[in-house]
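# Analysis of the macromolecular model
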Amino acid sequence: MKLTMVELAKHAQCGVGTLYGRVPNKESLLVCLHERFLDSGLASSARMFSRCQDAAFEIRVRELCSIMVDLLSAHRGVTRAITNYLFTRPSEENSASVAAFRLNATAGFKQAAAFLAEAVDRKIHPRPQVACEFDLLAAHDVAQSRVVFGDRSGLQIHYSKKALKARLTALVLAYLRHDFSTGSKPR
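Let me begin by describing the structure that accompanies this report. The model shown is predicted, which means the values in this text are computed figures rather than measured ones.

Rules behind the numbers
- Residues numbered from 1 in each chain as written.
- Predicted model: local features only at pLDDT ≥ 70, side-chain atom pairs only at ≥ 80, totals over all residues.
- Heavy atoms only, no water.
- Helix = DSSP H or I, 4+ residues; strand = E, 2+ residues; numbered from the N terminus.
- Expected span 1.5 Å × (residues − 1).
- Buried < 20%, exposed > 50% of the residue type's maximum accessible area, 1.4 Å probe, protein only.
- Arc of directions from axis to C-beta.
- Contact = heavy atoms within 4.5 Å.
- Phe/Tyr/Trp six-rings, centres within 6.5 Å; stacked < 30°, edge-to-face > 60°.
- Lys NZ or Arg CZ within 6 Å of the ring centre and 35° of its normal.
- Salt bridge = Lys/Arg side-chain N within 4 Å of Asp/Glu carboxyl O.
- Polar contact = N/O pair within 3.5 Å; in protein donor to acceptor, adjacent residues only side chain to side chain.

## Here's the deal with helix H8 (residues 161-177)
The end-to-end C-alpha distance of H8 is 24 Å, a good match for the 24 Å that 17 residues give at a rise of 1.5 Å each. If you check which residues of H8 are buried, you get Ala163, Leu164, Lys165, Leu168, Thr169, Val172, Leu173 and Leu176.

## A closer look at helix H1 (residues 5-12)
The complete set of buried residues in H1 reads Met5, Leu8 and Ala9. Across the axial projection of H1, the buried residues extend over an arc of 100°, all falling on one side. Relative to its buried face, H1 has exposed residues pointing more than 90 degrees away, namely Val6, Lys10 and His11. Turning to H1, the residues buried within the fold contact helix H2 (16-22) and helix H3 (26-51). One or two residues past the end of H1 sits Gln13, with phi positive at roughly 60°.

## Quick look at the packing of aromatic side chains
Taken as a whole and judged by the stated rule, the model has two aromatic pairs. A ring pair is formed by Phe49 and Phe115, whose centres lie 4.5 Å apart and whose planes are at 35°; its orientation type is tilted. Of the two residues, Phe49 sits in helix H3 while Phe115 sits in helix H6 (residues 92-117), which places them 66 residues apart along the sequence. Summarising the burial analysis for this pair, Phe49 and Phe115 share the class buried. Ring geometry for Phe134 versus Tyr175: centroids 5.4 Å apart, planes at 45°, classification tilted. Here Phe134 is found in helix H7 (residues 128-147), whereas its partner Tyr175 is found in helix H8, with 41 residues between them in sequence. Judged by relative accessible area, which is 24%, Tyr175 ranks as partly exposed. The ring of Phe115 has Arg60 sitting right over it, with the charged end atom 4.2 Å from the ring centre.

## Re the pattern of salt bridges
Between side chains of opposite charge, a pair can form when the charged atoms approach closely. Enumeration according to the criterion identifies seven salt bridges in this entry. With a closest N to O distance of 3.1 Å, Arg60 and Glu118 form a salt bridge. One end of the pair, Arg60, is in helix H4 (residues 57-74); the other, Glu118, is in the loop between H6 and H7, and 58 residues separate them in sequence. A relative accessible area of 5% places Arg60 in the buried class.

## Side note on the side chain of Thr169
In this structure, Thr169 sits in helix H8. Of note is the side chain of Thr169, whose polar atom sits 2.8 Å from the backbone oxygen of Lys165. Excluding its chain neighbours within four sequence positions, the residues that come into contact with Thr169 are Val61, Arg62 and Cys65.

Dropping the structure here:
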């Protein structure tokens, strides 16, 4: 990571000593920023769960995909830094924080999957929680790849936020409507 603490302090309009007084190093700062990102995502999801408790399945999916894209877009730089730097080589000092972050993120992810699973047709998916976890993981990976990392794949395929949300919603719905027990096509 090429950004220095001096540059971070300048950007934050504070002294380097002030910055070091709050965080011992860049990794610690990334952990703090990513924890805020997670908290923001969990709060957005909780509001949506409450607002959409009686909503149709399609609306739940659309809202979750929208939150996913919006959060990744709003926190693109932090997510890229965490993925590229902190999670690939966390220091011993931060490894407990990274492990705690992963546990919290996993719990939030499972909560979102449970929210969707409540509305999945159990005749189609006898294990809707597992199906929803897989589907949301696939959607998140696509969203993160497109929003956070852009065109690193070399493919010249670009989507607006609106188009990406619509395509992810269609992806999630198609998978969760597919009857794997009979091999039938999605409804």
